[in-house]
Every structure is written in structure tokens, then in C-alpha cells.
Amino acid sequence: MITVGDVQNMRAFDRIWLAAPCEGAAVREVVGVGTLDHEPFMGNYNLFTAGEFIFTTLGLAAMHPDLAEEALLELIERDVAAIAVKPVVLKALPERVAAASAERGVPVFFYEGRYMERLIADLMNLLDDDAAEWERTSLIDSILTSSDEQAVRATFFTIAGVTGATIQCMAIRAVTDDDASLRALQRVVEGVLANYGERWDDVERTFVCRYRGMLLGFVSFKRPPLKAIAISDADLEKCVATAGPLVCGISQEVSLGEGDLAVRQAMAALRTAEAEDAGIVRWTTLRFDAFRAAAKSDRLYMRAADLLRSLLFDYDAEHGSDLGATAEAFAAAFGEVSRTAEALFQHPNTVRYRLRKIKDVLGVPEAGDRELAALLQLVYLA
């Protein structure tokens, strides 16, 4: 989504400022662009539609200053995204226009900058880029809900033009959480991955796009995976690190038809990198976090785990006990009663009593402590 704030940050402006206070101006969505230099035929301001960012010199008011006020009020009434006035004819905002701007939330700016055509071209490019990003986002969403390998292959070709045998994905966030930083980082990562592709003969294509506040980078290889942890894995990490400050998760190299898994792996590794402030994390090094991510993405697994956790939760709610907390601590302690007791600040005998109750509630009264620990580790994995 392109906002008024994004337009304000365009480099084509030498300076742009609010002509009058207008709350929430920067977050208004921009869906199109228009110009107003001549009075519309028969005063037909209905040519302008809601969401358009309007550029004008108000040249129509050179001979009749009252037309400037009329034009601005008409545009505000049509709920355009914003109005940018080059102060050629109008130097200050009329009081009625300022009041209407504040009431309707339609900001009016004055600006200094390049030719209007340059501003319009830059904004149209920004809108086209945003539309392309929205389409790619929809396609990636479709990948993450698809299990058809042929469909995944076809979608990756549409997104990135890749046709290789395998693919590896990187999920990347900028250290500074704003759109401008993400766009700047995208250009750097594109260059870094292009250089990586030139160094490896087996690389078929590299590609980077924005997706839901992050970057997704793809490296497609011509040959099958070399092994579980590909030779290129660590080298790719070193390569990405040269892009500067960032947080990144790198997937395993998988067949192109399983590219949806590469995206999921990269995003899971990114979450671990963010949680541990680790910079760059590879899926192939996640260990327990890899299984946690896999468990969270499987609805059947989560439903099974939720069922057993709810049995303990309901028992605790009815009896004022702490079986749920004890079960989770017992799983975290890998079935060691003494470690569980230390974590809960309880006597080991208290823990043993609770474990017997947990077995009864879960319907496994004959299970040994090791068997119960294994079950609870699965229950609390996600």
C-alpha cells in the first residue's frame, strides 16, 4: 500500500510541507494520481476520484483568484488522498479550505521541486511497483497454502522466472523498521545475490522481492541438492552478511517443487534470529526450533497437542491445581524429577504426586515417567 507519507518521501520534491494541520495525513492510502491546471469542463470536478494524489499549480486561478478556493474545496469534497499545490498562484491556504481539510482529513501541501511531469512519473512508478508487490504477495500466499509441486513450480516461475532444479530462500528484515530502509536494503541484497550467482556456475537465477514487511531472496540452482547441508550453505550466509546490518533466516536447499517449504523454513529461521538477536540463522542449524516451527505449521499436530493441554487446563481450573505447569516443566527437564522440582520450587515428592495425577487425567495411568516425558515433550513442542 502506498501512503501519502511515501509520496512525501519521494526524492523528486525539493521541499514539501503541510499548508495547514491535518491529523493522520501521512497514513492516507494513495491509489492513483491526477493533475489540475485548468478548470474542468463545465466545472465537472467529478473527474477526480477518492484516493487520488492531485498535483496542481492552480493556474486556472491566475485571472480569478476565487477559483483556487473553489477548486480545492471541490477536490476535498471528493475525498482525494491529498493535494499538492505548487505556490505559483496561491501562496497561503484560504481559511475555508484549511477548515475543510481538517474536517475531512484530506491534507493540502505546498511543494517546491522538479517539473510536475517528473513528480507524476515518480508517483506512477511507485504505484506500479506497489501493485506488482501486491501481486507477488498474493502468489507467495498461494504457495504457502499449496501442496501441488507442479503448481509451486509454476508459481515460482511467475514470481521470479526461476526454472532450476532446486531453490534456497532467505527471509530478511532491515534493522530499521520503515519502508524506505527496506527498499534500500532490497537494492543492496539484489546486488549481493547477483554477485553470488556469478561466483557459482550452478546458480540459475537470483531474485529479491518484498513480502509483508520483509524481503524474500531466492537462489535457484541448476543441479539437485548436494546433501542435507549443501556446500553453498555457509558461503551464502557469508555473502548475505556483506549486505550490511540486517536480520536474516536462510532455508535449506530444496527441490523447486518444494519451494513453499523453503519460504517457511526461511521465515522460521528469521523468527529465531530475531528472538535470539543472532543476525543470520540457517534452518540447517535450528535443531529444536526447526521441529517447533514444523509443529506450529501443522494443524493436525496443533489440534492433538491442544487437546491434551486443554485436559490439564480444565482439571486445574476445576481443582485449583498446577498440573499444566508441572507437565510443561517436566517436559522441559527431559523427564528428570529433580530438575522439575527445582524449576517449580517444589519437593520432588510433590512433583511425583502430580505426575501420577497427570497420567490419570491424560488417560495413560500405566505409563512410565520416561514415556510420559516423551509424550509431554510432543505436547509442549509447539
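Predicted, not measured: the structure shown is a model, and the values here were computed from it. (Residues numbered from 1 in each chain as written. Predicted model: local features only at pLDDT ≥ 70, side-chain atom pairs only at ≥ 80, totals over all residues. Heavy atoms only, no water.)

Student: Give a description of the pattern of salt bridges that names residues and reports values.
Tutor: Summed over all chains, the structure comprises 12 salt bridges. In this structure, the salt-bridge partner of Arg-183 is Asp-179, at a minimum N-O distance of 2.6 Å. Of the two residues, Arg-183 and Asp-179 both sit in helix H6 (residues 179-199), four residues apart, roughly one turn of that helix. For Asp-179, a relative accessible area of 32% gives the class partly exposed. Across the pair Glu-237 and Arg-282 runs a salt bridge whose closest N-O atoms are separated by 2.5 Å. In this pair, Glu-237 sits in helix H7 (residues 232-241) while Arg-282 sits in strand E11 (residues 280-282), placing the two residues 45 residues apart along the sequence. Using a relative accessible area of 23% as the deciding quantity, one classes Glu-237 as partly exposed. (Salt bridge = Lys/Arg side-chain N within 4 Å of Asp/Glu carboxyl O. Helix = DSSP H or I, 4+ residues; strand = E, 2+ residues; numbered from the N terminus. Buried < 20%, exposed > 50% of the residue type's maximum accessible area, 1.4 Å probe, protein only.)

Student: Account for unusual backbone geometry, naming residues and giving values.
Tutor: A positive phi angle is found at Arg-212, which is not glycine, with a value near 50°. Locating Arg-212 in the fold gives a position in the loop between strand E7 (203-211) and strand E8 (214-221). For Arg-212, a relative accessible area of 53% translates into the label exposed. Positive phi outside glycine occurs at Asp-277, with the angle close to 50°. Within the secondary structure layout, Asp-277 lies in the loop between helix H8 (259-276) and E11.

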